[in-house]
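# Tertiary structure, described
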Amino acid sequence: MTPLEILSGTFSVINGAIVFGQFVLKLSDVDGDTRTCIALLQRVNRDIDEAETLRKLKYPTKGPKCRQHLRALEAIRDTRNAAFEVGKLVCVPKNGSLGFKNRLQWVMSDKESFVTREKTLHYSHVALLQVITTMESRPRIMSPGDSSDSRPPPYDEVV
């Protein structure tokens, strides 16, 4: 063997060891990735619930739906669907520790899918937050049959 062949073989072995080490590190990071995914989904689901509550408060259930109401419905639906797609990738073990098979599946395929789906979730979540901000600044619209009257009493009744 020539010195060049020996050097080439040595570098190949070193490269293989480095790649294997990176793979092992990725396997050990799966628990942290899972916790991050769960925290993200919890935050998004709280915002979805808040948007649903505001939508019911700000827009009457009867009557024609205005453009903002339809936009709110669409943003809620898109964010809920994106969160569902991300949630399909997250595996939560009952005993607190992920098995080797689940770790391997995450590193080999699910992590790349998560990155793509997380981008979709991010964009739909931003739209949902904008809708929430719009709804919070909008006065409440009373339904025709709404019994709660938010008008103040006439001045002569207060005295």
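Residues numbered from 1 in each chain as written. Predicted model: local features only at pLDDT ≥ 70, side-chain atom pairs only at ≥ 80, totals over all residues. Heavy atoms only, no water.

### Considerations on the side chain of threonine 79
The criterion, for reference: Numbering of helices and strands runs from the N terminus, with a helix taken as a DSSP run of H or I at least four residues long and a strand as a DSSP run of E at least two residues long. Pairs of N or O atoms are called polar contacts if they sit within 3.5 Å, as long as, within protein, a hydrogen donor faces a hydrogen acceptor (for residues adjacent in sequence, only side-chain-to-side-chain pairs). Contact definition: two residues touch when any of their heavy atoms are within 4.5 Å.
Inspection of the secondary structure puts threonine 79 in helix α3 (residues 67-87). Polar side-chain contacts of threonine 79 include one of 2.8 Å to the backbone oxygen of alanine 75. Among residues more than four places away in sequence, those in contact with threonine 79 are Val44, Ile48, Leu121, Ser124, His125 and Leu128.

### With respect to the pattern of salt bridges
Opposite charge on two side chains makes pairing possible when the charged atoms of those side chains draw close. What counts here: The term salt bridge refers to a side-chain nitrogen of Lys or Arg lying within 4 Å of a carboxyl oxygen of Asp or Glu. Note on exposure labels: buried denotes an accessible area under 20% of the residue type's maximum, exposed denotes more than 50%, and partly exposed covers the range between, all computed with a 1.4 Å probe on protein chains only.
Counted according to the given criterion, the structure contains five salt bridges. Aspartate 47 is the partner of arginine 43 in a salt bridge, and the nearest nitrogen-oxygen pair spans 2.5 Å. One end of the pair is arginine 43 and the other is aspartate 47, both in helix α2 (residues 30-58) and four residues apart, which spans about a single turn. Overall, the relative accessible area of 40% leaves arginine 43 in the partly exposed class.

### Digging into the side chain of histidine 125
Residue position: histidine 125 is located in helix α4 (residues 100-137). Among the polar contacts made by the side chain of histidine 125, one reaches the side chain of aspartate 47 at a distance of 2.6 Å.

### A look at the environment of leucine 128
Along the chain, leucine 128 falls in helix α4. Exposure remark for leucine 128: the relative accessible area of 0% places this residue in the buried category. Along the sequence, leucine 128 and aspartate 47 sit 81 residues apart, while their C-alpha atoms lie 7.8 Å from each other. Once you skip the residues sitting within four places of it in the chain, leucine 128 turns out to touch Asp47, Ile48, Ala51, Ala75, Ile76 and Thr79.

### Re the nonpolar core
Formally: To form a nonpolar core, buried Ala, Val, Leu, Ile, Met, Phe, Trp, Tyr and Cys residues must be joined to one another through side-chain atoms within 4.5 Å.
By size, the foremost hydrophobic cluster in this structure holds 21 residues, and its most contacted members are Leu41, Ala51, Leu121, Leu128 and Met135. The set of elements that each furnish at least two residues to this core consists of α2, α3 and α4.

### Here we look at the confidence of the model for the protein chain
Detailed reading of the predicted coordinates is not advisable wherever pLDDT falls low. We count it as follows: Confidence per residue, as judged by the predictor, is encoded in pLDDT with a range of 0 to 100.
When pLDDT is averaged along the protein chain, the result is 75; 64% of the residues meet or exceed 70. Model confidence for the protein chain, summarised as mean pLDDT per element, is weakest for helix α5 (residues 155-158) at 56 and strongest for α3 at 90.

### Brief notes about a nonpolar patch on the surface
The condition is simple: For patches, a residue must show more than 30% relative accessible area and have no salt bridge; joins then use 9 Å for like charges and 5 Å for nonpolar side chains, namely Val, Leu, Ile, Met, Phe, Trp and Tyr. The Shrake-Rupley method, run with a 1.4 Å probe sphere, supplies the accessible areas, and residue values consider only the shown protein chains as cover.
A cluster of nonpolar residues, Leu7, Phe11, Ile14 and Ile18, forms a patch on the protein surface that exposes about 390 Å² of accessible area. For leucine 7, the position within the fold is in helix α1 (residues 3-28).

### Overview of the environment of leucine 54
Topologically, leucine 54 is positioned in helix α2. Distance in space between the C-alpha atoms of leucine 54 and isoleucine 132 is 7.4 Å, their sequence separation being 78 residues. Beyond its immediate chain neighbours, meaning those up to four positions away, leucine 54 contacts Ile132, Met135 and Glu136.

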